[in-house]
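Results of the structural survey
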Amino acid sequence: MPLGKKKKKKHDFHKNFDMSAHPHQDYLPSQPGKRLLDKTHTFCICPPPGEHFGTTEATEAFFAMTRLFQSNDQTLRRMCYLTIKEMANISEDVIIVTSSLTKDMTGKEDVYRGPAIRALCRITDVSAASSFPLSSPSCFPLHMSYDVVKRWVNEAQEAASSDNIMVQYHALGLLYHLRKNDRLAVSKMLNKFTKSGLKSPFAYCMLIRIASKLLEETEGGHDSPLFDFIESCLRNKNEMVVYEAASAIVHMPNCTARELAPAVSVLQLFCSSPKAALRYAAVRTLNKVAMKHPSAVTACNLDLENLITDSNRSIATLAITTLLKTGSESSVDRLMKQISSFVSEISDEFKVVVVQAISALCQKYPRKHSVMMNFLSNMLRDDGGFEYKRAIVDCIISIIEENPESKETGLAHLCEFIEDCEHTVLATKILHLLGKEGPRTPSPSKYIRFIFNRVVLESEAVRAAAVSALAKFGAQNDDLLPSVLVLMQRCMMDSDDEVRDRATFYMNVLQQKQKALNAAYIFNGLSVSIPGLEKSLHQYTLEPSEKPFDMKTVPLATTPITEQKTEIAPVATSKLPEKLAPSRQDIYQEQLASIPEFQGLGPLFKSSEPVQLTEAETEYVVRCIKHTFTRHMVFQFDCTNTLNDQLLQKVVVQMEPSEAYEVLHYIPAPSLPYSQPGSCYSLVRLPDDDPTAVSCTFSCTMKYLVRDCDPNTGEPDDDGYDDEYVLEDLEVTVADHIQKVLKPNFSAAWEEVGDDFEKEETFALASVRTLDEAVGNIISFLGMQPCERSDKVPENKNSHVLFLAGVFRGGNDVLVRARLALGDGVTMQVTVRSGDETAVDVILASVG
Amino acid sequence: QTEPSLYTVKAVLILDNDGDRLYAKYYDDTYPTVKEQKAFEKNIFNKTHRTDSEIALLEGLTVVYKSNIDLFFYVIGSSHENELMLMAVLNCLFDSLSQMLRKNVERRALLENMEGLFLAVDEIVDGGVILESDPQQVVHRVALRGDDVPLTEQTVTQVLQSAKEQIKWSLLR
């Protein structure tokens with residue numbers, strides 16, 4: 001900023017607030033007092049740069065000001081109240097003015113009462129219950145504690161029938177606040193007011209909100225009188241109320257198109273209003289409707305198209321995105337042209353919204369991908385912030401994934417983008433994608449130039465990512481391997497150690513020319529949890545051992561790293577200071593390791609999601625988490641006692657297995673007082689003789705010693721008696737023995753595991769009609785991770801191949817290839833490969 | 001869905017035509033420090049002072065605004081809020097000030113009448129709750145001018161009466 005401008009700014013501040021510069025002839029005699037207050041007040045609101053009110057200064061100013069209470073000047077007194085409120089947080093001993101304020105509050109001057117009350121509420125909790133003139137305006141008691149306010153329920157009730165519209169509004173708000181935890185009271189209140197009618201549009205809005213909240217909580221049907229009330233508000237005279245009602249209806253879950261219709265037609269009318277706020281509100285709400293019920297909005301398409309040229313850019317953007325959601329395939333071209341003309345004028349936040357709408361459109365009309373791709377690449381070339389560019393890159397990537405025909409164009413656009421991209425995260429993400437998809441294209445060599453340029457030109461993070469991408473090309477394409485090795489040799493001379501390490505590593509792996517090694521080290525990364533690996537390695541270094549370190553003892557990463565969603569690119573760890581947060585699995589591992597009886601079980605393989613063993617709202621709430629170890633399972637029962645007149649002790653959940661599982665040990669929860677959850681454990685050994693019998697049903701009964709106790713004090717009786725409580729059965733299925741693992745390159749992994757223990761069988765799925773259903777059933781039943789996006793069945797196909805990957809208990813990879821054919825029913829040919837024969841047998845046995 | 005509440009306004013701002021703050025009242029801690037507040041004000045000023053569009057969505061908040069000569073008025077609420085309610089607050093503030101400043105809604109007149117502004121805003125919104133939406137009520141309660149009610153606010157009878165008085169005196173001279 002040029003020096004001249006800076007000076008002007010400083011002068012401006014003083015110009016704005018230097019009262020002595022302007023003589024004011026309108027002031028009444030207490031000028032100095034008023035000016036002091038003005039200055040103090042503005043100082044609080046707008047302190048000059050670098051200065052602020054210290055506590056001592058504020059307190060002193062505050063005391064000085066209290067003398068002004070003597071004056072009879074109305075304005076001065078009112079300014080005093082304002083300043084008290086403003087300084088309540090920064091001065092000490094503010095309550096010294098309580099008595100003066102109380103006097104004003106109960107005094108004869110109308111003009112003082114309201115503001116005095118409000119000031120008083122800000123500085124103290126008024127517990128002295130004198131008459132509280134709720135029915136006069138400007139007396140709204142703010143920030144007061146619940147206990148104090150509830151004494152004035154009667155006054156609030158009266159005030160709710162007041163003629164003054166604002167009083168009505170406040171009274172309603174207050175009553176709701178007092179009663180909101182009692183649903184019955186709220187609905188009684190609503191009934192009363194919806195019948196009696198109100199004068200205040202604000203009160204109506206409040207009522208509509210309360211009614212819709214109540215409808216949502218009680219999951220009321222839309223034939224209830226509450227819904228009728230909201231619907232009748234669509235015909236209210238005041239636009240504010242009409243809009244509130246339309247908005248409430250639109251936001252209700254489970255609305256049918258017929259119920260939405262009146263709301264939508266009202267919004268359509270608003271679209272042509274001369275008031276910008278109304279148009280904005282209408283188009284924003286229509287946008288939300290279009291997300292769930294695009295057909296309901298098509299009637300408004302013409303009005304929306306008119307809004308594209310609206311002078312308010314926010315309205316125009318919302319109109320366009322709504323049209324994108326409801327438009328037909330033929331209108332896509334026209335829409336895209338209209339967007340491109342104005343996208344440079346809207347703010348970044350809206351640009352992201354537009355891109356996301358385009359993304360949704362791409363998924364809806366995959367055939368239009370070339371038009372969209374063109375448009376997106378143009379947007380990519382324009383200026384824009386990081387969020388905007390990232391949204392576009394994500395959109396392009398998702399188009400590439402959905403439409404194999406668009407892959408080459410998409411990758412070409414992305415290559416062009418990284419030539420000149422300042423965002424490391426995006427560059428590395430795209431390089432990662434190139435490494436994955438590029439080798440499979442018809443002419444992979446053209447991508448090598450782009451990638452290698454990055455190695456030469458960019459920052460360390462990008463160079464490292466480029467090296468990894470290059471390696472993938474070398475691993476997959478034998479004819480390119482010699483060239484890649486040469487390039488890799490150059491990378492070994494890089495200035496950054498991460499880049500050199502990667503280059504050396506890949507160089508060595510590639511020189512071996514073995515498919516299995518390539519698969520393990522280049523294509524499919526680590527599937528174990530990183531904190532777990534760190535711990536295991538640390539453990540290993542502490543106890544010297546002859547055996548080499550076994551990766552299988554490391555617990556697997558519980559959240560499968562989804563393919564395109566990794567935000568954090570593969571950057572050298574020295575660049576990323578953040579530590580990976582301990583996962584749920586690590587937490588459980590710690591908890592279980594602290595129990596002495598579970599010490600010798602080995603590493604925790606998998607923990608399931610909690611399973612509820614009681615219905616909601618029963619006396620005791622029990623849920624179970626199944627922890628799988630190499631040869632055992634530990635069942636953790638989290639129990640909560642919801643009866644406040646009982647104390648449970650020595651709580652154990654007794655399990656009766658249906659198969660050959662053997663219950664070894666129970667660890668009871670010592671004590672369960674009211675509402676404090678506790679855990680008890682059962683240790684179970686997996687059957688040795690028949691390793692394929694992995695599923696089992698346990699009937700569970702909770703056994704405990706109960707002592708009655710006084711509900712108020714929690715003191716238990718001395719005596720107790722044994723009791724039991726039957727729980728729901730607990731299922732252990734094959735999914736509990738398998739951990740999901742994503743293999744980005746399934747065929748490489750398939751080759752790596754080898755066919756030593758491969759088995760194949762064919763099944764007829766009798767009860768399944770569609771391929772989608774079959775795929776869904778298999779995935780959920782086996783609990784394995786679908787790979788290569790094979791969980792999506794393309795439309796109108798009669799056959800499909802599903803790839804599943806996982807790790808079986810014990811640490812061996814297990815891969816399933818399921819060929820499905822749709823004929824009369826669905827037939828499925830399952831091929832299973834694993835390093836462990838048991839795993840293969842288990843899978844086939846359970847499917848059969 | 002959010003809990004129905006009376007606390008609907010997040011902030012009321014008045015900026016001059018350089019984007020500098022003349023008046024600012026924040027009712028919650030969306031922007032807890034003065035530094036953050038000023039950054040927010042700069043941002044919304046940049047995005048709104050060129051257009052005359054009334055309403056925008058910025059930094060995830062609904063902003064309704066109005067400008068006159070060299071002043072920019074803003075009322076800020078959450079994006080879930082009823083936009084028309086926020087407009088009602090904005091209009092009430094603007095109309096009340098318009099009356100109090102005798103239609104002279106510009107920076108110099110406002111600076112000369114800051115206490116009127118403080119009291120007016122306090123009557124319209126307190127702690128984030130809308131207290132009043134009728135500009136007449138606000139002007140009445142702020143009641144800065146004791147005796148000399150401006151011409152435009154007097155009733156017809158009063159005007160005629162004072163006109164009669166003036167004619168009488170001029171005739172008598």
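Everything below is about the structure printed above this text.
The structure reproduced in this document is the subject of the present report. Keep in mind that this is a model prediction, so the values were computed, not measured.

This part covers the overall build of chain B. Helices and strands together make up the secondary structure of chain B, namely 6 helices and 7 strands. Starting at the N terminus and ending at the C terminus, chain B contains elements arranged as β-β-α-β-β-β-α-α-α-β-β-α-α. Buried positions account for 56% of the 173 residues belonging to chain B. A separation of at least 24 residues holds for 52% of the contacts in chain B among residues at least 6 apart in sequence.

Regarding its fold elements, chain A presents 34 helices and 17 strands. Taking all 848 residues of chain A together, the buried fraction comes to 50%. Summing over all exposed atoms, chain A offers an accessible surface of approximately 40500 Å²; the carbon and sulfur share of this is 51%.

Residues and elements named next belong to chain A. Taken as a whole and judged by the stated rule, the model has 14 aromatic pairs over all chains. Measuring from centroid to centroid gives 5.1 Å for Tyr620 and Tyr725, while their planes differ by 85°, and the two rings are edge-to-face. Taken together, the residues span a long stretch of sequence, with Tyr620 in strand S3 (residues 620–628) and Tyr725 in strand S10 (residues 721–726) at a distance of 105 residues. The pair formed by Tyr620 and Tyr725 is uniform in burial state, with each residue classed as buried. Note on Tyr661 and Phe698: the rings are 5.6 Å apart at their centroids and 85° apart in plane angle, and the pair reads as edge-to-face. Pair noted here: Tyr661 is in the loop between strand S5 (646–657) and strand S6 (662–667) and Phe698 is in strand S9 (residues 696–708), with a separation of 37 residues, a long-range link. You can call Tyr661 buried: its relative accessible area is 4%.

Before going further, it helps to spend a moment on the nonpolar core. Ranked by size, the top nonpolar core spans 188 residues in total, and within it A:Ile230, A:Ile358 and A:Met488 carry the most contacts. Per-element accounting of this core gives the leading share, 12 residues, to helix H2 (residues 83–100) of chain B. Look past the residues within four positions of A:Ile358 in its chain and what remains in contact with it is A:Leu324, A:Met336, A:Met372, A:Phe375, A:Leu376, A:Met379 and A:Cys395.

A few words now on H2(B). For an α-helix the count is 3.6 residues per turn, leaving residues at separations of three or four pointing the same way. All names here are of chain B. With 18 residues, H2 extends 26 Å from end C-alpha to end C-alpha; this agrees with the ideal 26 Å at 1.5 Å per step. Counting buried residues along H2, 16 of its 18 residues qualify, which places the element largely inside the surrounding structure. You can read the cap of H2 off the contacts: a side-chain oxygen lies 2.9 Å from the backbone nitrogen of Leu84, and it is on Asn82. After H2 finishes, the residue Arg102 shows a positive phi value of roughly 50°.

Residues and elements named next belong to chain A. Within the fold, Ser359 resides in helix H20 (residues 348–364). Under the relative-accessibility criterion, Ser359 is labelled buried at 19%. Contacts of Ser359, omitting those with residues within four sequence positions, involve Cys395 and Ser398.

Next up on the list: the sheet that holds strand S4 (residues 61–68) of chain B. All names here are of chain B. An order of S2-S1-S5-S4-S3 is seen for the 5 strands of this open sheet, with the pairing classed as antiparallel. Every interior strand has two partners, whereas the edge strands, strand S2 (21–26) and strand S3 (55–58), have only one. Looking at each pair of strands side by side, their axes are set apart by 20° on average, direction ignored. Of the strand pairs in this sheet, S3 and S4 are connected by 4 bridges, and their pairing is antiparallel. When the bridges of S4 are listed, Ala56 appears paired with Val63. Relative to the sheet, H2 contacts strand S1 (11–16), S3, S4 and strand S5 (71–78), its axis offset from that of S4 by approximately 25°.

Here the phi dihedral of A:Lys650 falls at roughly 50°; this positive angle occurs in a residue that is not glycine. Note on placement: A:Lys650 falls in strand S5. A positive phi is found at B:Lys103, a non-glycine position, where the angle reads about 70°. With respect to the element layout, B:Lys103 can be found in the loop between H2 and helix H3 (107–112).

Turning our attention to a negative patch on the surface. Taken together, the side chains of A:Asp645, A:Asp708, A:Asp710, A:Glu715, A:Asp717, A:Asp718 and A:Asp719 make up a negatively charged region of the molecular surface. In this structure, A:Glu715 sits in the loop between S9 and S10.

Residue and element names in this part refer to chain A. Where helix H23 (residues 407–418) meets helix H25 (residues 445–457), the closest approach of the two axes is 10 Å, and the angle between their N-to-C directions is 25°. Looking at the two axes, H23 sits roughly parallel to H25. Crossing of H23 over H25 shows left-handed handedness. Between H23 and H25, the contacting residues are Glu408, Leu411, Cys415, Glu416 and Ile418 on the first element and Lys446, Tyr447, Phe450 and Arg454 on the second. Residue composition of the contact of H23 with H25, by class: 5 nonpolar, no polar and 4 charged.

Residue and element names in this part refer to chain A. Its 12 residues give H23 an end-to-end C-alpha distance of 16 Å, which sits within 8% of 16 Å, the value for a rise of 1.5 Å per residue. Taken as a whole, H23 has its buried residues at Lys407, Gly410, Leu411, His413, Leu414, Cys415, Phe417 and Ile418. In this fold, the buried residues of H23 make contact with helix H21 (369–381), helix H22 (386–402), helix H24 (424–437) and H25.

Reading the values: the criteria
- Position numbers for residues start from 1 in each chain and track the written sequence from start to end.
- As a convention, the first chain written is A and the first ligand written is 1, with the rest following in written order.
- Per-residue local features of the predicted model are confined to residues with pLDDT of at least 70, and side-chain atom pairs are confined, for both listing and counting, to 80 or more; whole-chain, interface and lining totals are unaffected and use all residues.
- Values shown for side chains rest on all heavy atoms present in the structure; no hydrogens or waters enter the calculation.
- Only DSSP runs of H or I covering at least 4 residues are called helices, and only runs of E covering at least 2 are called strands; the numbering of each starts at the N terminus.
- Accessibility here uses a 1.4 Å probe with only protein chains present; expressed as a share of the type maximum, an area under 20% marks a residue as buried, one over 50% as exposed, and anything in between as partly exposed.
- Note on definitions: a residue-residue contact is assigned when non-hydrogen atoms from the two residues lie within 4.5 Å.
- We get accessible surface area from the Shrake-Rupley algorithm with a probe of 1.4 Å; when it comes to residues, only the shown protein chains can shield them.
- Note on ring pairs: Phe, Tyr and Trp rings are taken, using the six-membered ring of Trp, and paired if centres are within 6.5 Å. Classes follow the plane angle, with under 30 degrees stacked, over 60 edge-to-face and the rest tilted.
- Take the buried residues of types Ala, Val, Leu, Ile, Met, Phe, Trp, Tyr and Cys, join any two whose side-chain atoms come within 4.5 Å, and each joined set is a nonpolar core.
- Take the number of residues in a helix, subtract one, and multiply by 1.5 Å to get its expected span.
- Polar contacts here mean pairs of N or O atoms no more than 3.5 Å apart (in protein, one a potential hydrogen donor and the other a potential acceptor; neighbouring residues in sequence count only if both atoms are side-chain atoms).
- For two strands to pair, DSSP has to find at least two bridges joining them.
- To define axes, lines are fitted to C-alpha atoms, for helices over the stretch in contact only, and angles between the resulting N-to-C directions are given on a 0 to 180 degree scale.
- Residues qualify for a patch when their relative accessible area is over 30% and they have no salt bridge, like charges being joined within 9 Å and the nonpolar side chains of Val, Leu, Ile, Met, Phe, Trp and Tyr within 5 Å.
- In what follows, salt bridge is the name for a side-chain nitrogen of Lys or Arg lying within 4 Å of a carboxyl oxygen of Asp or Glu.
- For the purpose of counting charges, residues Lys and Arg are taken to be positive, whereas Asp and Glu are taken to be negative. His and the chain ends are not included.
- To locate a charge, take atom NZ for lysine, CZ for arginine, CG for aspartate or CD for glutamate.
- Reported orientations rely on four angle classes, namely roughly parallel under 35 degrees, roughly antiparallel over 145, roughly perpendicular from 65 to 115, and oblique for the rest.
- For a crossing to be left-handed, the near helix must be turned anticlockwise from the far one by less than a right angle; the clockwise case is right-handed.
- Under this grouping Gly is polar, as are all residues other than the nonpolar Ala, Val, Leu, Ile, Met, Phe, Trp, Tyr, Cys and Pro and the charged Asp, Glu, Lys and Arg.

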